[in-house]
Amino acid sequence: MLRSKAFSLLKPIPLMFGQSNLASKCIHPAIASHGHRCHRRSPVDYRQKYKTYSCSVGGGTISASHMKVMAEDLPGVLILDIGGTHGVLENLAALLKKHFHLITMKEFLENKKEMSKKIQSVFVFECRPTIDQELLESLPNLKVIGNSGVGVDHLDLKMISNFGVKVTNTPHAVADPTADMAMTLMLASARRLVEGCQIAVSPDTKCFAVDWLGVEVTRATLGIIGMGSIGYKVAQRARAFNMKILYHNRNQRRKEEEEAVGAHYCEKMEDLLQQSDFVMLVVNLTPETHKLIGKKELGLMKPTATLINISRGAVIDQDALVEALQKKIIRAAALDVTHPEPLPRDHPLLKLNNIIITPHIGTATVQAIRMMAEEAIANILAVLNGQPIPSEVFPK
Ligand SMILES: O=C(O)C(=O)CO
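Residues numbered from 1 in each chain as written. Predicted model: local features only at pLDDT ≥ 70, side-chain atom pairs only at ≥ 80, totals over all residues. Heavy atoms only, no water.

### Points about the packing of helix α9 (residues 171-190) against helix α11 (residues 229-239)
Here's step 1: At a closest axis distance of 8 Å, the pairing of α9 and α11 adopts a crossing angle of 45 degrees. Classified by the angle between their axes, α9 and α11 sit oblique to one another. Crossing geometry of α9 relative to α11 is assigned as right-handed. Here α9 contributes Pro171, Val174, Ala175, Asp176, Thr178, Ala179, Asp180, Ala182 and Met183 to the contact with α11, which in turn contributes Ser229, Ile230, Lys233, Val234, Arg237 and Ala238.
Here's step 2: Taken together, the residues of the contact of α9 with α11 break down into 9 nonpolar, 2 polar and 4 charged. (Axes fitted to C-alpha atoms, helices over the stretch in contact; angles between N-to-C directions. Helix = DSSP H or I, 4+ residues; strand = E, 2+ residues; numbered from the N terminus. Parallel < 35°, antiparallel > 145°, perpendicular 65-115°, else oblique. Left-handed = near helix turned anticlockwise from the far one by under 90°. Contact = heavy atoms within 4.5 Å. Nonpolar A, V, L, I, M, F, W, Y, C, P; charged D, E, K, R; others polar.)

Structure representation (structure tokens):
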């Protein structure tokens, strides 16, 4: 439904691309060894300035030649660099080119005077591109920043709104793949999948399964902190594992919604932390959720419990987590997000064996990247055409 609505809004307009979330994600050594790689920071100045990293999941980074200004009658979109595979990027570029002149940051910086007037929108490929005041000042016709991804903690919403520019995000496209990732991390951590893989490929392994037993997800208690659309999708999946589901949220869900997934509301987060075997963080990063999980909260968790984070790294006090994992105050952690991304190679979290870290790949699927782009395009076009905006984000 969303898709067809999105498509009905789509017609050509100019746009600018943003830095990839994928591009800036850390690669855990275990993953890097399976062929994924992280490009070093580009020597090009604009990348330094806009703190862009280019790290591709399948190899290859988009080049300026992929994103030429196509035709004079389309509105301009600035793309703030982009990561990912060539295949994905070419598809994405093709999708965007139906509606926009695509202008890369490189092209923009090379010909600022001419380009700046054309740009009415910025397409931010997943989260994390920096949009600073200077960039906003140089785009006099900018109307909308279309974030491809749901989290907008990387954008200064107040400052952007002071420029009369709208911000949109893509909550629908991200929900299923991110919930899938949550389950992936929970299962992988419970069954010690990464260690198992390492043992299986190690030539001189003498380790038997009894030396490193996992725990079961089935019938365990899952505590979901943040019951928005992603949290709810996690609960739907967890129900199939007969999990007991607790949740903590600013607002209690409607009774029918709770009953549909068998979820019980915990008004106090402390109650959820004390009772859960798996604690899943699915909150937005805001000043209120910054370091939401610290020493005290980790201390409330069971020593057999696992902490899973698919929201933002800064929701956890990482120093406290290192200590909790080292001292076995909790059993394990599984993080798709860290602060920063990637973590410095000598970070103590990377030295622990009771942790799984993935490089912020919650939406790194062929389908999700496309659907996020479609949703972002629909939002941008709605703003440019003066139509109701499907997913606008407002400053608090
Ligand atoms: O949608 C988001 O905010 C994401 O982090 C996607 O990975």
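Still more to cover.
### Re helix α10 (residues 193-201)
Here's step 1: For α10, every residue scored as buried is listed here: Glu195, Gly196 and Ile199. One side of α10 carries all its buried residues, which in axial view fall inside an arc of 100 degrees. Away from the buried face of α10 by more than 90 degrees, exposed residues Ala200 and Val201 are located. (Buried < 20%, exposed > 50% of the residue type's maximum accessible area, 1.4 Å probe, protein only. Arc of directions from axis to C-beta.)

### Thoughts on unusual backbone geometry
Peptide bonds are trans in most cases, and residues, glycine excluded, mostly fall at negative phi.
Here's step 1: Cis rather than trans, the peptide bond between His339 and Pro340 has omega equal to 0 degrees.
Here's step 2: Look at the link from Glu341 to Pro342: it is a cis peptide, with omega at -5 degrees.
Here's step 3: Summarising the element assignment, Pro342 is placed in the loop between β12 (332-335) and β13 (355-357).
Here's step 4: We note that Asn242 has phi near 55 degrees; this positive angle belongs to a residue other than glycine.
Here's step 5: Mapped onto the fold, Asn242 is located in the loop between α11 and β8 (244-248).
Here's step 6: The phi angle at Lys328 is positive, at roughly 60 degrees, despite the residue not being glycine.
Here's step 7: Along the chain, the position of Lys328 falls in the loop between α15 (318-326) and β12.
Here's step 8: Assessed through its relative accessible area of 53%, Lys328 is described here as exposed.

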